[in-house]
Amino acid sequence: MAIGILSTLLAKSETILGSGHSSVVSMNLFVALLCGCIVIGHLLEESRWMNESITALAIGLCTGIVILLTTGGKSSHLLVFSEDLFFNYLLPPIIFNAGFQVKKKQFFRNFMTIMLFGAVGTLISFAIISLGAIHFFKKMSIGNLKIGDYLAIGAIFSATDSVCTLQVLNQDDTPLLYSLVFGEGVVNDATAVVLFKAIQSFDLPHINTTIALQFVGNFLYLFISSTLLGVLAGLLSAYIIKKLYFGRHSTDREVALMILMAYLSYMLAEFFYLSAILTVFFCGIVMSHYTWHNVTESSRVTTKHAFATLSFVAEIFIFLYVGMDALDIEKWRVVSDSPGKSVGVSAILLGLILVGRAAFVFPLSSISNLTKKAPCDKIDFKQQVTIWWAGLMRGAVSMALAYNQFTSLGHTQLRGNAMMITSTITVVLFSTVVFGLMTKPLIRILLPSPKNRMLSSEPSTPKSLTVPLLTNGHDLEAYESDRNLITRPTSLRMFLSTPSNTVHYYWRKFDNAFMRPVFGGRGFVPFVPGSPIEQNDQQWQ
C-alpha cells in the first residue's frame, strides 16, 4: 500500500506537475526521512549496538529498496549525488564544529601524538594501501587503471570515519583517548584530501626525482598554508567583533558574522586550492579561543547549539544518502557479470585497511610512549586496540573522493571506474555497519566503565561542578589553567617527560601577554557601557 502511494506520488510529480515540482517532492521526502532518522536514533540511543550513523544508513538502504520497487529498478535515491553539495555545504559545518567544540587543552597537550597518527600514520597507511592495490588489482585485471588511480585509491581508503567510536567514548571519562581518536580523525581526513589533491595535480606516469620532491613540497605547502589561513580567519573575526562589539545592538549580527567568517575561510581555501578541511578546523579552534569570548552570553549559547545542530544534520544527511546510493542500479549493472571479482576487490581493500591501520598505530604508539614517563600519559595496549579499531570505518570523505576520481570520465560506464565505485560503497557499508555495530561491545570489554576514569591523562575534579552550566567547556578549560590544577614540571627530567605541559604553560604566558590584549578572549574583553560583561564568569574565579 505504502509502495503504491509513493509510486503514484513520484509519477504524478514527474508527468503532471513537471520536473521542478518533482525536485520539491523529492526534497520533502528526504527531509521527512531526516526527521525519521533523528526520532529513531533518539529511541535507539541507549541501544548496545546501534548509533546515529548506522540508523541513517539502515533507513537509507530501506528507502532505496522502496524507490527501486516504485521506479521499476531505474533509481534508488531521491537526490543525485553532487560533489559540490558534499564539499561546499555538508562538510564545512561538520569540520568547523569539530574544531569549535574540541577541548583545546587536551588537543594541544597531545598535539605531537595526534600529528604523529594523523599525518605520519596516514602516509604509512596510504603507502601500504597503494602498493597493495597495485600488486593485487593488476593481477585481477579489473579495468584500465593508471598509476594515478592506484595512488588515489590509497588516499581514498586512508580517510577514516571515527563517528561510531566517538559516539561511544566519553570525553570526560577518557580525555586522553577521546582527544587522540578525535584529533587523529580530523587531521587524517585533511591529510588524505591534501594527498588526493597533490596526486591529481602531478604527472605521475612520468615521475622522477624532481617531480617526487615537488610532490612532497606541494604537500607541505598545502598543509602549512591551509592551517595559517584558518588561524588568520579566526583572528580576524575575533578582532572585528572585539573592536565593533556588535552585541550592544544585536546579537544576531554577532552570530551571523561568526557563521559567515567561518564559511568564508573554507571557501577561500577552496579558491586558493588549499585544504579547506584544515583551514576551517583551525578557524574553529581559534574562534572558540578568542571570538567566542568576545560576544554576548546569548550569542555564546546560540552559536554553540547552532554549530552543533548544523553538524548533526549534515552527518545524518550524508549517511542517509550513502545508504540510498548503495543500491544505485547503474553502478552495479556494469559489474554484474563478475560479482565474484567485485567481492574480491572489496575484501582485498578491507584487508589492506586492516593491515595499513595496524602498521602505524602500534609502532607509533610505542614511539609516543617513549617520550612519556607518567603511566597515565602512556597509551596502553587496550587503548591502542581501541585507536586501531576507531580508524577502520570508512565514510563520506572516502565516498566523495571516490566519486571525484572515478566518475570524471564516462561516469561509471568504464569497467574499472564502476568496479572501484561499487567496491568503495561495499567497503563503506560493511565497515560502518559491521565494525560500527561491534564498537560498543568492544569498548565495553576493553574499557569497562569503573576503570574509565583511571585512563584519563589528568585527574578528574569535582571543581568542574562549580562553573556555570552554560559554558560548553571553554570556560572550564581556562578556569582549570588559571587555577594551575595541572602540576608544572619543576626539573629538566620532568620537562623531558612531559614536554607538552611546559609548551602549554609558555603558550599561556605568551597568549596572555600579546594575543588576548589584541584579539580578546576570556577576561580580556573591555567594558562597554550597556554591554553584558562577564559577571557570571567572574563570580566563579
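Residues numbered from 1 in each chain as written. Predicted model: local features only at pLDDT ≥ 70, side-chain atom pairs only at ≥ 80, totals over all residues. Heavy atoms only, no water.

Looking at an unreviewed UniProt entry, the chain carries the name Sodium/hydrogen exchanger, with the source organism given as Gossypium anomalum. Listed in UniProt under the heading Subcellular location (unreviewed entry), the comment for the chain reads: "Membrane". (UniProt positions renumbered as here; feature names shortened; annotations may be inferred.)

K.L.:
Mind laying out the overall build of the chain, listing which residues take part and the relevant values?
P.N.:
Within the chain, the secondary structure is distributed over 23 helices and 0 strands. Counting every position in the chain, which comprises 541 residues, the buried fraction comes to 54%. Here the analysis covers contacts within the chain between residues at least 6 apart in sequence; of these, 81% occur between residues at least 24 apart. For the chain, the accessible area works out to roughly 24100 Å², and carbon and sulfur atoms hold 68% of it. (Helix = DSSP H or I, 4+ residues; strand = E, 2+ residues; numbered from the N terminus. Buried < 20%, exposed > 50% of the residue type's maximum accessible area, 1.4 Å probe, protein only. Contact = heavy atoms within 4.5 Å. Areas by Shrake-Rupley, 256 points an atom, 1.4 Å probe, with all protein chains shown as cover.)

K.L.:
So what's going on with the packing of aromatic side chains? Which residues, and what values?
P.N.:
On inspection of all chains with the given rule, the structure shows 19 aromatic pairs. Taking the centre distance of 5.7 Å and the plane angle of 20° together, the rings of F96 and F100 count as stacked. In this pair, F96 and F100 both sit in helix α4 (residues 83–101), 4 residues apart, roughly one turn of the helix. Taking NZ or CZ as reference, R300 lies 5.3 Å from the ring centre of W292, over its face. (Phe/Tyr/Trp six-rings, centres within 6.5 Å; stacked < 30°, edge-to-face > 60°. Lys NZ or Arg CZ within 6 Å of the ring centre and 35° of its normal.)

K.L.:
A description of the environment of S82 should follow, citing residues and the corresponding values.
P.N.:
Within the secondary structure, S82 is located in the loop between α3 (52–70) and α4. Note: C-alpha distance between S82 and A400 (318 residues apart in sequence) is 8.7 Å.

K.L.:
Summarise the nonpolar core; cite the residues concerned and give the values.
P.N.:
Of all hydrophobic cores here, the largest spans 134 residues; its most connected members are F30, F137, I153, F157, F281 and M420. By residue number, the principal contributor to this core is helix α9 (residues 175–200), which donates 16 residues. When neighbours within four sequence positions are excluded, F157 is seen to be in contact with I129, L349, I353, R394, M420, T424 and V427. Counting residues in hydrophobic clusters, the runner-up holds 6 residues, among them V286, Y290, M515 and F519. (Core = buried A, V, L, I, M, F, W, Y, C linked by side-chain atoms within 4.5 Å.)

K.L.:
Can you tell me about the packing of helix α18 (residues 415–437) against helix α19 (residues 439–446), naming the residues and giving the values?
P.N.:
A packed helix pair is summarised by two numbers, namely the angle formed by the two axes and the spacing between the axes. Orientation of α18 relative to α19, taken along the N-to-C sense of each, is 40°, at an axis distance of 5 Å. Contacts from F435, G436 and L437 in α18 reach T439, K440 and P441 in α19. Counted by class, the contact of α18 with α19 contains 3 nonpolar, 2 polar and 1 charged residues. (Axes fitted to C-alpha atoms, helices over the stretch in contact; angles between N-to-C directions. Nonpolar A, V, L, I, M, F, W, Y, C, P; charged D, E, K, R; others polar.)

K.L.:
Run through the side chain of Q384, naming residues and quoting values.
P.N.:
Its place among the elements puts Q384 in helix α16 (residues 381–390). For Q384, a relative accessible area of 9% translates into the label buried. In this structure Q384 touches V361, F362, S365, N369 and I379, once residues within four positions along its chain are discounted.

K.L.:
Tell me what's going on with unusual backbone geometry, and back it up with residues and numbers.
P.N.:
A positive phi angle, near 60°, is found at Y273, a position not held by glycine. Note that Y273 resides in the loop between α11 (251–271) and α12 (276–294).

K.L.:
How would you explain the environment of I353 if you had to name every residue and give the values?
P.N.:
Following the sequence through the fold, I353 ends up in helix α15 (residues 339–370). Note on I353: relative accessible area 2%, which makes it buried. Residues I353 and F157 lie 196 residues apart in sequence; the distance between their C-alpha atoms is 7.0 Å. With sequence-adjacent residues up to four places away left out, I353 is seen in contact with I129, F157, L392, R394 and V427.

K.L.:
Outline a nonpolar patch on the surface, listing residues and values.
P.N.:
Taken together, the side chains of V39, I40, L43 and L44 define a hydrophobic patch exposed on the protein surface, amounting to about 350 Å² of accessible area. Take V39: it is sitting in helix α2 (residues 19–43). Assessed through its relative accessible area of 49%, V39 is described here as partly exposed. (Patch = residues over 30% accessible without salt bridge, like charges linked within 9 Å, V, L, I, M, F, W, Y side chains within 5 Å. Salt bridge = Lys/Arg side-chain N within 4 Å of Asp/Glu carboxyl O.)

K.L.:
Residue-level account of α18, with values.
P.N.:
The first and last C-alpha atoms of α18 sit 32 Å apart over 23 residues, in line with the 33 Å expected at 1.5 Å per residue. The element α18 is extensively covered by neighbouring structure, given that 17 of its 23 residues are classed as buried. (Expected span 1.5 Å × (residues − 1).)

K.L.:
Describe the pattern of salt bridges, and please don't skip the residues or the numbers.
P.N.:
Under the counting rule described, the total for this entry stands at 4 salt bridges. Residue R300 is joined to E297 by a salt bridge in which the shortest nitrogen-to-oxygen separation is 3.5 Å. Of this pair, R300 and E297 both sit in helix α13 (residues 297–325), 3 residues apart, which is roughly one turn of that helix. Take R300: its relative accessible area is 3%, and that puts it in the buried class.

K.L.:
I'd like to hear about the state of the cysteines, residue by residue, with values.
P.N.:
All told, the structure shown has 0 disulfides when counted by the stated rule. With no disulfide of its own, C35 lies 9.2 Å from the sulfur of C37, the closest cysteine sulfur. The exposure class assigned to C35 is partly exposed, which follows from its relative accessible area of 44%. Under the relative-accessibility criterion, C37 is labelled buried at 1%. (Disulfide = S-S within 2.5 Å.)

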